[in-house]
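# Observations on the three-dimensional arrangement
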Amino acid sequence: MTQEQCSHRNNVQSSEKAQVYKVGIYGWRKRCLYFFVLLLMILILINLALTIWILKVMNFTIDGMGNLRITEKGLKLEGDSEFLHPLYAKEIHSKPGRPLFLQSSRNVSVNVVNSNNQLLTQLVTGSSGFKARGKMFEVKSTSGKLLFSADEQEVVVGAERLRVMGAEGAVFSKSVETPHVRAEPFKELRLESPTRSLMMEAPKGIQVLAEAGDIQAICRNELRLESKDGEISLDARRIRLMRLPEGKASTSSSSGTRQTVYEVCVCANGRLFLSQAGTGSTCQISNNVCL
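On to the sheet that holds strand S5 (residues 119–126). The sheet built from three strands is open, its strands ordered S4-S5-S6 with antiparallel pairing. Two strands in the sheet have a free side with no partner beyond their single neighbour: strand S4 (107–113) and strand S6 (129–133). Strand-to-strand twist of the sheet, defined as the mean angle between neighbouring strand axes without regard to direction, takes the value 5°. As paired strands, S5 and S6 are joined by five bridges and run antiparallel to one another. Paired with Gly126 across the bridge in S6 is Gly129.

What follows is the structure, given as structure tokens:
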């Protein structure tokens, strides 16, 4: 090897030794990387702590969260629950032996719709009152006996007794059909029509009975007792006909004694009047009332 080749080789090796390449991050870049890694670890620890705290506060378990439990039969809520949006459920019931409360600041509505989303039945309870909408409304006892029923055709009261507690009684604008009308014990029964007539009809008969009191029939114009095929019987120990008109005979009696005995006469039109009693009937000579 010549001297020139040896010197050239030494120069190449010395130049290669002089160029050193460093691998990695050094200086301020390294310090920033460590800072971001430390910050990320702190954030991860804070996030993990917050997650554990939320799980603890919300009471998350395998069966559910908080008062909500997931069971085989559905969802189970314990305590008070608030729903901010509509609730869709097939069945809602409380614990055995515990009441079920539905509370709202405005109203509670229960709607039943068909497949076309048309309203069929509606139940609304609010500050203005209680409203029910449907084709029929029924109230039954625990044994299944019908107590009350209402539809477009009729209203049925299935209880053994209908009691009206109002001071003015019951007001019926149309006819009333019932087999028995009775007042409470020691209370009076009054059938009254202030502006119209009062009519009682029955295919077999009408019985008005007051076992411990009087019966009064008061009207302004006429009181009519009519029997088309039978008769009207007044059965009492004493029958008093008050304020009957007195017929005057065409020839007055010459005696100055006061007349105290009268006889009851009937006109052809059915009017009753009193006539001074004599040795014979005086109805014919005192029938000026019938004119």
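Attention now goes to the sheet that holds strand S9 (residues 155–157). The strand order across the open sheet formed by three strands is S7-S8-S9, and the pairing between neighbours is antiparallel. At either margin of the open sheet sits one strand with a lone partner, and together these are strand S7 (137–140) and S9. Averaged over all pairs of adjacent strands, the angle between strand axes in this sheet comes to 10°, irrespective of strand direction. As judged from the four bridges shared by S7 and strand S8 (residues 146–150), these two strands associate in the antiparallel manner. Each bridged residue has a counterpart across the sheet, and for Val139 the counterpart in S8 is Phe148.

For the rest of this paragraph, the subject is the state of the cysteines. Under the defined criterion, the tally for this structure stands at two disulfides. The side chain of Cys265 participates in a disulfide bridge whose partner is Cys283; the two sulfur atoms lie 1.9 Å from each other. Disulfide Cys265-Cys283: the torsion about the S-S bond is -75°, which places it as left-handed. One end of the pair, Cys265, is in strand S10 (residues 262–266); the other, Cys283, is in the segment after strand S11 (272–276), with 18 residues separating them in the sequence. Using a relative accessible area of 1% as the deciding quantity, one classes Cys265 as buried. For Cys283, a relative accessible area of 17% puts it in the buried group. There is a disulfide in this structure between Cys267 and Cys290, and the S-S distance comes to 1.6 Å. Disulfide Cys267-Cys290: the torsion about the S-S bond is -80°, which places it as left-handed. Of this pair, Cys267 sits in the loop between S10 and S11 while Cys290 is found in the segment after S11, placing the two residues 23 residues apart along the sequence.

As a further point, take the side chain of Ser149. Mapped onto the elements of the fold, Ser149 is located in strand S8. On the accessibility criterion, Ser149 (8% relative accessible area) is buried. Apart from residues lying up to four places away in sequence, Ser149 is in contact with Met136, Phe137, Glu138, Glu154, Val155 and Val156.

Parameters at a glance
- Residues numbered from 1 in each chain as written.
- Predicted model: local features only at pLDDT ≥ 70, side-chain atom pairs only at ≥ 80, totals over all residues.
- Heavy atoms only, no water.
- Pairing = 2+ DSSP bridges.
- Helix = DSSP H or I, 4+ residues; strand = E, 2+ residues; numbered from the N terminus.
- Axes fitted to C-alpha atoms, helices over the stretch in contact; angles between N-to-C directions.
- Disulfide = S-S within 2.5 Å.
- Buried < 20%, exposed > 50% of the residue type's maximum accessible area, 1.4 Å probe, protein only.
- Contact = heavy atoms within 4.5 Å.

Purely spatial values, then, with no claim about function.
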